[in-house]
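# Structure at a glance
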Amino acid sequence: MARSLSWDDLKYDMQPWIRTAVDSMGFETMTPVQASTIPMFSGNKDVVVESVTGSGKTVAFVIPILEKIVKEVLNGAPLKKGNFYSLVISPTRELASQIQSVIDKFLAYYPDEPCPIQSQLLVGSSSSTVRDDANTFMENKPQVLVGTPGRLLDFLKTKAVKTASCGIIVLDEADKLLDVSFEKDVEAILSMLPKQRRTGLFSATISSAGDQIFRTGMRNPVKIAVKSKVQAPESLKISYVVVKPEDKLQYLLYILNHVRYRKCIVYFPTCISVTYFYSFFKHLFKLGIMNETLEVYSLHGKLQTSSRLGTLEKFSVSLNNSVLLTTDVAARGIDIPEVDLVLQLDPPTSAEMFLHRCGRTGRANRAGKAITFLNRGREEDYVNFLEVKNIDLEEMKLKFNPSDEFSSIFKEWILADRARFENSVRAYVGFIRYYSKHSASSIFRLQSLDYVGIAKLYGLIRLPRMPEITQHLDNDEMPQDGWLIEPAVDLDSFSFVNPQMESSRLEELKKTKAIKDKNKLKSELKKKNAAWSNKTSSKESKGERKVKSAQRRKAIEEKIAQEESDDESEAEEDWKDMVRRNKKQKTSSQLQGNFSDL
């Protein structure tokens, strides 16, 4: 054991109960990032911390928060009504919930009952409103708030909540919080807090935030970078498998059924792909193709908060071999015990996210393995691309031969319900759009994508109408009318299992056939058969127009309010001038009157 990483050698005297918590929770030695950060952040330094995933960054900021609360709140001036002392911002509900649980574990070792330190979780959910959160806050008077940007911003705007006493703020996964998706909310939150505060930014990839870190209002921060020649932990082995797109799912199932692991996380590109493949996996269990001892869970960003947190909890505490199908919503900061295998159906859109995904295993010096599937061809250059970024991958050879029978099983499952067919198309289109946004665009090119192979991976029976396909697929590669199976399916009679959905479909079909005007019929069919990608684009542009319209409306309202304020201030100024003139006239007239009286 390295003497310098012994908790006894920490250059800071921790509270006895915090030290007891550290020992009881099994942290035998400090990690380098904890040894460097705790003394600085517990003192009066702003910190920017960059360290490999799984290196103990959460504990590195939780201990300073608790230390400062004891010294400045419990042993200092008590907080006034409606005030809090510390704020922790996280990009996802799952990570916020995990941070809250770490704080609770420490507080369980406080010597007095009840514990005078309280922490409150603030994430958007259907079970509680902002008003509910505010009522809980006023009742429990927590010193620590942990939450996601959107809910925290709404909460801080509540009149009962005061920000004047906030002395410390932490941005966990700071590079994500400072990118375009959260930037405005985070800046709005920071603008509401006192300038005299301690600020901590933590991430495995903080350097990707660039100059954005200077917008957080830090004063002469200390940068703590704990790096090695390779960006992944030494205990993590990262591999890749080169496959044909249409065989990828069979390779995935082979690994899940035959490679030894305790818990496994499988990353998919989109929410709909998680839902779609999870449904298919349940069918494979019934057929005995999936290992019956496995427990499979699904998690993505479009599920309700209670479902997401409930699923994560079940997966974390499960005593059986478990698999979690998820998206990048569970890629950052999540620390789940005994995850020793990570699989990626496709590489993520950025190298930073690749590291975050792989980092769900091999944490705290435990052995872990991460395997990424690459489509045969141009995607193999991704290995060299990552090598430039100090991420080394080893090729993994699997002794496995895909079966033609699997395709028949997939096809039969699809044809049993029109809803599955439609979900397969949505998942396929979602993947194409996801693929087009890859940062390594010279490698992941739509021009060289195997559209037919990918379609078979998603179980498509017919290629959808998409500009990407017509532009990049040669005529000799294009199946007749897009059909990938023989014989073609009569889509008019292809029915939903769900009675309500089928009834709606038949009603729509009846209306279409009843249209006598050929031009109108042509227009209706054109709308119905429009390219999926165009429909998605129109939805996105509609949403963007709504946002821009709201921004313009807000700007106009602010301008009107400002003009009214200016008018009022001018009127007030005129009124004051008039009063002064009247006073002068009054004084003057009084003096004249006095003289005349004499």
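So, how was this worked out
Residues numbered from 1 in each chain as written. Predicted model: local features only at pLDDT ≥ 70, side-chain atom pairs only at ≥ 80, totals over all residues. Heavy atoms only, no water. Salt bridge = Lys/Arg side-chain N within 4 Å of Asp/Glu carboxyl O. Helix = DSSP H or I, 4+ residues; strand = E, 2+ residues; numbered from the N terminus. Buried < 20%, exposed > 50% of the residue type's maximum accessible area, 1.4 Å probe, protein only. Pairing = 2+ DSSP bridges. Axes fitted to C-alpha atoms, helices over the stretch in contact; angles between N-to-C directions. UniProt positions renumbered as here; feature names shortened; annotations may be inferred. Contact = heavy atoms within 4.5 Å. Phe/Tyr/Trp six-rings, centres within 6.5 Å; stacked < 30°, edge-to-face > 60°. Lys NZ or Arg CZ within 6 Å of the ring centre and 35° of its normal. Core = buried A, V, L, I, M, F, W, Y, C linked by side-chain atoms within 4.5 Å.

### A short note on the pattern of salt bridges
All chains considered together, the criterion is met by 19 salt bridges. The salt bridge involving Arg308 is made with Glu94; its shortest N-O contact spans 2.6 Å. Highlighted residues: Arg308 in helix H11 (residues 305-317) and Glu94 in helix H4 (residues 93-107), separated in sequence by 214 residues. Arg308 sits in the buried class, given a relative accessible area of 5%. Residue classification places Glu94 among the buried residues on the basis of a relative accessible area of 1%. With a closest N to O distance of 3.7 Å, Glu422 and Arg426 form a salt bridge. One end of the pair is Glu422 and the other is Arg426, both in helix H15 (residues 418-436) and four residues apart, which spans about a single turn. Ionic contacts of the salt-bridge type, sharing partners, join the residues Asp8, Arg19 and Asp23 into one network.

### Quick look at the sheet that holds strand E1 (residues 47-51)
The parallel open sheet is built from seven strands, whose spatial order is E3-E4-E2-E5-E6-E1-E7. Each having just a single partner strand, strand E3 (119-122) and strand E7 (222-226) make up the two edges of the open sheet. Across the sheet, the mean angle separating the axes of adjacent strands is 15 degrees when strand polarity is ignored. Judged from the four bridges that link them, strand E2 (residues 86-89) and strand E5 (residues 168-172) form a sheet pairing that is parallel. Bridging across to E5, Leu87 finds its partner in Ile169.

### Overview of the UniProt feature "short sequence motif: Q motif" (unreviewed entry) in the protein
Mapped onto the present numbering, the UniProt feature "short sequence motif: Q motif" (unreviewed entry) falls at residues 7-35. A distance of 8 Å separates the end C-alpha atoms of residues 7-35, which is 45% helix and 0% strand.

### Overview of the sheet that holds strand E9 (residues 263-267)
With parallel pairing, the seven strands of this open sheet are ordered in space as E10-E11-E9-E12-E13-E8-E14. Each of the sheet's edge strands pairs with one partner strand only, and the pair in question is strand E10 (295-299) and strand E14 (394-395). Both E9 and strand E12 (residues 339-344) contribute to a ladder of five bridges, which runs parallel. Paired with Cys264 across the strands is Leu341, a residue of E12. Sheet contacts for helix H9 (residues 248-258): strand E8 (236-243), E9, strand E11 (322-326), E12 and strand E13 (368-375); angle to E13, the most-contacted strand, approximately 165 degrees.

### Considering unusual backbone geometry
Look at the link from Glu113 to Pro114: it is a cis peptide, with omega at -5 degrees. Look at the link from Glu486 to Pro487: it is a cis peptide, with omega at -5 degrees. Tracing the chain through its elements places Pro487 in the loop between helix H17 (467-472) and helix H18 (499-514). Residues other than glycine seldom take positive phi values, yet Asn390 does so here, at roughly 65 degrees. Assignment of secondary structure puts Asn390 in the loop between helix H13 (382-388) and E14.

### Here we look at the packing of aromatic side chains
Each aromatic ring pair is described using two quantities: the centre-to-centre distance and the angle formed by the ring planes. The final tally for this structure, using the stated rule, is 25 aromatic pairs. An angle of 75 degrees between the planes, with centres 5.2 Å apart, marks the rings of Tyr382 and Phe444 as edge-to-face. Placement of Tyr382 in helix H13 and of Phe444 in the loop between H15 and helix H16 (451-457) is noted, with a sequence separation of 62 residues between them. Each of the two residues, Tyr382 as well as Phe444, counts as buried. Across from the ring centre of Phe315, 5.7 Å away, lies the NZ or CZ of Lys263, which sits over that ring.

### A short note on the nonpolar core
Phe106, Leu249, Leu252, Leu256, Phe281, Tyr428 and Tyr458 are the most contacted members of the largest nonpolar core, which has 139 residues in total. Sorting elements by how many residues they give to this core places helix H3 (residues 57-74) first, with ten residues. With near-sequence residues (within four places) excluded, Tyr458 lies in contact with Pro269, Ser273, Tyr276, Phe277, Phe410, Ser424, Ala427, Tyr428 and Phe431. One finds Ile89, Leu171, Ala174 and Leu201 within the second-largest nonpolar core, a separate group that totals 28 residues.

### Thoughts on the environment of Val144
Along the chain, Val144 falls in strand E4 (residues 144-147). Look past the residues within four positions of Val144 in its chain and what remains in contact with it is Ile65, Ile69, Ser86, Ile103, Gln118, Ser119 and Gln120.

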